[in-house]
Amino acid sequence: MPASRRGEETSGERRSVELTGARQLLRRMVEVVALPVDRQARLDRIVQLIAANLVAEVCSIYALRAGEVLELFATEGLMRESVHRTRMGVGQGLVGTIAASGTIINTDNAQAHPNFAYFPETGEDLYHSFLGVPVLRGGRVVGVLVVQNTAKKRYGEDEVEALQIIASVLAEMLAAGDLVDRERYTDLTGLEREQRRLEGQLLVEGVAVGRAWLHDAKIEITRLLADDPAIEAARLEAAIEGLRESLDSMLARADLGAGEHLDVLETYRMFAHDGGWRRRMREAIDTGLSAEAAVRRVQEETRVRIGHANDPYLRERLLDLEDLAERLLRLLAGRDSHGDAKLMPQGSIIVARNLSAADLIDYDHTKIRGIVLEEGSPTAHVTIVARAFDLPMLGRVERAMAQIEGGDMLALDSEHGQVLIRPADDMVDAFQGAMRARQERRRIFDSLKDQPAVTRDGIDLELSINAGFLIDMGELEATGAAGVGLYRTELAFMSRPDFRDPEVQTGYYAAVLERAGAKPVCFRTLDIGSDKQLPYWRMPAEENPAMGWRAIRLTLDRPAILRHQLRALLRAAAGRPLLKVMFPMVAEVAEFRAARRLLELERRRALAGGQALPERLEVGAMLEVPSLYWQLPALLKEVDFLSVGSNDLLQFFFACDRGSPLIGDRYDVLSPPALSFIRALVERCREAGVTLAVCGEMASRPVEAMALTGLGVRRLSLSPAQIGPVKAMLRSLDAGAMAAYLTRLLDLPDHSLRRHLLAYAHDHDINLPESSFRST
């Protein structure tokens, strides 16, 4: 046998012996934890066991305390007097270096290491060999485990691996409080129960308090190869059939109601019937893989193929396919395809890397108080379902799974983009108080829903909602809104795998109008591009897509798409009293005219085909690009109404990318130039007799809505949740007095007028939410 082969076998045998010894040591460590002695005695016994197992003269455990300080908590071999006396900062000495970097140090001459620091009270100058590994928990260093010897030697890979395994178990024992007194050492990293705050992106608004439930769908595969492909193929077919049946049962549940969340589940079920997916798994089985390994192989191939796609739709579909694969694996393992969803206790907040819509529906949503995701997006399928269930949801929470432990108390405030881990009792009380106050405000706002939106001096305003899904239409009745001032048609397109043909679109828009009843709905044509991508278009790469090929620019360049949508809208509104259509991101009158010509072509086509038309057709434009202001005299002669898209308008007005963390909040919409621009716009529209509305975030905030009212805006389109707060503000406001006050402020050189407006509101008892004053 070649010497190299004998060396490999010797190394393998040595590794096997070391790991066997480590496993035996772990069992003895568990026995020590159960001993009826104090915790320090247990810790002392454990370092003795580790030293003996690894034939080390020294074994020491250092724990990380508050202030980035490492303290020697137990040792075998160093001076006993140094325990709880020897301390070093993170980054100081070899132990501090391990804690700072989270890496291993393995050296045969510790004193020669450039980061060596001598602590005379330990007596460690006798020991040359040094092996130290970080003790990790929850992705954080909570301590350092060290072994040392007098003889100069580098520890082998098997010894390093064994010490790492021991350190991982030691971390759990420390966290459980089995080895240290939690009451005495309250500041130990990994043991501390202090409050922590994580930030994320609002997906579904709301506030909740509950216990963390960690959702982890990953299934481990132990059998990779199989002798009989026929048996494996039969197992796969049975699992696929079981998967389809479970999805059918899910969709048949009576508590799901109706809306887009059912549409996205239908799309999800469609993937389960995909012949190509099934065929690829069968082919993998034919190569000798087990059914489980074949599912995983196809899953990995799919992840490689589309996992790095820039297209957000494809990334969302990858999540669907990953979830289906995990469900198949659970069925192949003889487990429930729904995983552990039935075990979740009442009052839970789900924490996950990501969730599919089907994942969420597997859970009893009456037990869920909220959702925290590491990933997630506003248009993801799971977001649509969470909105349907009225569950607060926070996304883009970095390393949530690593920082939150199952059972941790969480306080979720998605409206302000934060979740508190292990909040203090007074903070829990504050959140519960906020939830009660929120419910009370809802009760008050509900009592206002049938009251008119009229100011104290008798000025009537029209409050409409922004919507994008069928489920949003129920808010018309719930809020008493006058109608839908902005229906974002692109959102329904983004929740499907393929383009909605005119027939499908017609049925969808008809359902929207049916749910609106006698209240008007203003449909915005497709505003796609920028951050809103569709799978059926490959968008060109652009350095600044928000100002690129999007909205009306895109659909004018692809007129068939716009014509199909306009055709569907006309059909859906056939015989109805009114159809309102507006075109987004119009930068010049020529663009509006081109879009209106396409609408006229579709109107004539409908007439020629004998189709009924809506009794009245109103066509408008969204003013989001400042250049359009200087063509208002021409534009106002051609539009029936104008709507200010405040989000994009102010972004372009200040040349400020609102998505940039550096400058997104640099400019305030309540600045003198922005408010002066809007006032001039109001005056031009009033002179021309054209109605003007404001939609977007500016209309949804009570302070900004107060300023808009003072500027003369009489139509606001806002998020449904803000109808109540804005109406309450309006009914306490003297619009004429606010207008006079604003006029005096507009010439100020101030960065923002917010402070002045809040002071005015306070002095004149204007009903604003407390959060308006906290944000200053």
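Residues numbered from 1 in each chain as written. Predicted model: local features only at pLDDT ≥ 70, side-chain atom pairs only at ≥ 80, totals over all residues. Heavy atoms only, no water.

Counting its regular elements, the chain contains 28 helices and 22 strands. In the chain, 66% of the contacts between residues at least 6 apart in sequence involve partners at least 24 apart. Here the chain displays about 34,000 Å² of accessible surface, and carbon together with sulfur accounts for 50% of that area. (Helix = DSSP H or I, 4+ residues; strand = E, 2+ residues; numbered from the N terminus. Contact = heavy atoms within 4.5 Å. Areas by Shrake-Rupley, 256 points an atom, 1.4 Å probe, with all protein chains shown as cover.)

What follows covers the nonpolar core. Among the nonpolar cores identified, the biggest contains 91 residues, and Phe583, Leu642 and Leu716 are the most heavily contacted of them. Here this core gets seven residues from one element, more than from any other, and that element is helix H22 (residues 672–688). When near neighbours in sequence (up to four residues on either side) are disregarded, Leu642 contacts Ala621, Leu623, Leu632, Leu635, Leu636, Leu681, Cys685, Val690, Thr691, Leu692 and Ala693. (Core = buried A, V, L, I, M, F, W, Y, C linked by side-chain atoms within 4.5 Å. Buried < 20%, exposed > 50% of the residue type's maximum accessible area, 1.4 Å probe, protein only.)

The next thing to look at is the state of the cysteines. In the structure shown here, the tally under the stated rule is zero disulfides. With no disulfide of its own, Cys695 has Cys522 as its nearest cysteine by sulfur position, at a separation of 8.5 Å. When its relative accessible area of 2% is taken as the criterion, Cys695 is described as buried. (Disulfide = S-S within 2.5 Å.)

If you check which residues of helix H27 (residues 754–763) are buried, you get Arg754, His756, Leu757, Leu758, Tyr760 and Ala761. Of the residues trailing H27, Asp765 is marked for its positive phi of about 55°.

Moving on, we come to the packing of helix H24 (residues 702–711) against helix H26 (residues 735–745). It is at 8 Å that the axes of H24 and H26 come closest, and there the two elements cross at 90°. Classed by the angle they form, the pair H24 and H26 counts as roughly perpendicular. Of the residues in H26, those in contact with Met706, Ala707, Thr709, Gly710 and Leu711 of H24 are Ala735, Met738, Ala739 and Leu742. Of the residues contributing to the contact of H24 with H26, the split by class is seven nonpolar, two polar and no charged. (Axes fitted to C-alpha atoms, helices over the stretch in contact; angles between N-to-C directions. Parallel < 35°, antiparallel > 145°, perpendicular 65-115°, else oblique. Nonpolar A, V, L, I, M, F, W, Y, C, P; charged D, E, K, R; others polar.)

With that settled, consider the sheet that holds strand S19 (residues 616–623). Paired through backbone hydrogen bonds, the strands of a sheet run either parallel or antiparallel to each other. What the eight strands build is a closed barrel, ordered S15-S16-S17-S18-S19-S20-S21-S22; its pairing is parallel. Neighbour-to-neighbour, the strand axes of this sheet turn through a mean angle of 25°, independent of strand direction. With respect to the sheet, helix H21 (residues 646–653) is in contact with S19, strand S20 (641–645) and strand S21 (691–695), its orientation differing from that of S20 by roughly 65°. Strands in contact with helix H25 (residues 723–730) are strand S15 (462–467) and strand S22 (715–718); relative to S15, the strand with the most contacts, it is inclined by about 165°. (Pairing = 2+ DSSP bridges.)

The next subject is the sheet that holds strand S11 (residues 368–373). Read from one edge of the open sheet, eight strands run S7-S14-S13-S9-S10-S11-S12-S8, paired in mixed fashion. At either margin of the open sheet sits one strand with a lone partner, and together these are strand S7 (196–199) and strand S8 (201–204). Between one strand and the next, the sheet's axes are offset by a mean angle of 30°, whatever the strand orientation. Two strands pair when backbone bridges link them, and strand S9 (residues 207–215) and strand S10 (residues 348–352) are joined in this way by five bridges, in the parallel orientation. Each bridged residue has a counterpart across the sheet, and for His215 the counterpart in S10 is Ala352. Helix H13 (residues 425–448) rests against S9, strand S13 (409–413) and strand S14 (418–421) of the sheet, and its axis sits at about 120° to S9.

A few words on the side chain of Thr709. Mapped onto the elements of the fold, Thr709 is located in helix H24. When sequence neighbours within four positions are dropped, the list of residues in contact with Thr709 reads Thr455, Leu461, Arg714, Leu730, Leu733 and Ala735.

Moving on, we come to the pattern of salt bridges. As enumerated under the stated definition, the model contains 28 salt bridges in all. Between Glu638 and Arg593 there is a salt bridge whose closest N-O contact spans 2.6 Å. Pair noted here: Glu638 is in the loop between helix H20 (632–635) and S20 and Arg593 is in helix H19 (residues 589–608), with a separation of 45 residues, a long-range link. What makes Glu638 partly exposed here is its relative accessible area of 23%. Its salt-bridge partner being Glu704, residue Arg754 comes within 2.9 Å of it at the nearest N-O pair. Of this pair, Arg754 sits in helix H27 while Glu704 is found in helix H24, placing the two residues 50 residues apart along the sequence. Considered together, Arg754 and Glu704 belong to a single accessibility category, that of buried residues. Each of Asp668, Glu697, Arg701, Glu704 and Arg754 takes part in one network of salt bridges that share partners. (Salt bridge = Lys/Arg side-chain N within 4 Å of Asp/Glu carboxyl O.)

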